[in-house]
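# Descriptive structure summary
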Amino acid sequence: MIDFDRLKLYKQYLNTIQPYLDKYFEDQKEYLSCQKGCSHCCRNGSYPYSNLEFEYLKIGLLKMDLNEQKGVIRRIQKLKADYQKVENKEKYMYECPFINEEGICTVYEYRGIICRVFGLLKTCDDGEIVIPFCQNLGLNYSKVYNKESRKIDNDLVKKFGYKNTPKAYDLSFKTLMREDMFENAKIDFGEIKSLVEWL
């Protein structure tokens, strides 16, 4: 049963965090290649989702065009069948079933937090910086990534004349779901697990 009050609160939460995310993407835009149809990040991942995010995603599935919905359901069925055959489920990487043949997200407005933050540099709890894997494809941050040191190289930033310094943000679930991100109410995000396990 869908808890619409909880989903309404989640929508308000998304409206609260989105301006922060928009600012981060705007600040780093000269390093980013993300655009409609660029779906490398959706082709091979584990996509951690909270229970609340998944409930919101289902609304997107219900609202989509019937033919598109049938395609998504076929992809979900295939993914679930493939997942059952996998021995090491914790390391299983897969293509998101909500991506269509053109590489477009069919539930973009309803996508999860992991999808909303992908492409930016992120900091880990230990202070290490995670660089989006698409830099290996010549995309995000690729011009300033030093393959030998496996780090962002400030000399390359200067060489290519970038205006802003590459910056890493704390975009972990722990940070983005903390209580002070949303002033008026505590949101119960619920359990977090791979998207395939919610399907």
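It should be emphasised that the depicted structure is a prediction, and the values quoted were computed from it without experimental measurement.

Next up on the list: the side chain of Ser39. Along the chain, the position of Ser39 falls in the loop between α1 (4-27) and β1 (48-50). Those residues in contact with Ser39 that sit more than four places away from it in its chain are Ile99 and Gly103.

Right, let's talk about α1 for a bit. The terminal C-alpha atoms of α1 lie 34 Å apart, and with 24 residues this matches the ideal 34 Å at 1.5 Å per residue to within 8%. Residue Ile17 marks the point of greatest curvature in α1, where the axis turns by about 30°; the proline Pro19 follows within four residues. Residues of α1 that are buried: Arg6, Leu7, Tyr10, Tyr13, Leu14, Ile17, Gln18 and Leu21. Where the residues of α1 are buried, they touch α2 (51-63), α4 (113-117) and α6 (173-176).

The subject of this paragraph is the nonpolar core. In terms of nonpolar packing, the biggest core is built from 51 residues, with Tyr10, Tyr13, Phe98, Ile113, Phe189 and Leu195 touching the most fellow members. Those elements that place two or more of their residues in this core are α1, α2, α3 (66-85), α4, α5 (154-159), α6 and α7 (195-198). Not counting chain neighbours up to four residues away, the residues in contact with Phe189 comprise Arg6, Tyr10, Tyr13, Ser50, Asn51, Leu52, Ile113 and Met177.

Before going further, it helps to spend a moment on α2. Counted at 1.5 Å a residue, the expected span for α2 with its 13 residues is 18 Å, and the 19 Å between its end C-alpha atoms agrees. For α2, the buried fraction is high: 10 of the 13 residues fall into the buried class. Within α2, the full set of buried residues consists of Asn51, Leu52, Glu53, Phe54, Glu55, Tyr56, Leu57, Ile59, Gly60 and Leu61.

Criteria and thresholds
- Residues numbered from 1 in each chain as written.
- Predicted model: local features only at pLDDT ≥ 70, side-chain atom pairs only at ≥ 80, totals over all residues.
- Heavy atoms only, no water.
- Helix = DSSP H or I, 4+ residues; strand = E, 2+ residues; numbered from the N terminus.
- Contact = heavy atoms within 4.5 Å.
- Expected span 1.5 Å × (residues − 1).
- Bend = angle between axes of the 7 residues up to and from the residue.
- Buried < 20%, exposed > 50% of the residue type's maximum accessible area, 1.4 Å probe, protein only.
- Core = buried A, V, L, I, M, F, W, Y, C linked by side-chain atoms within 4.5 Å.

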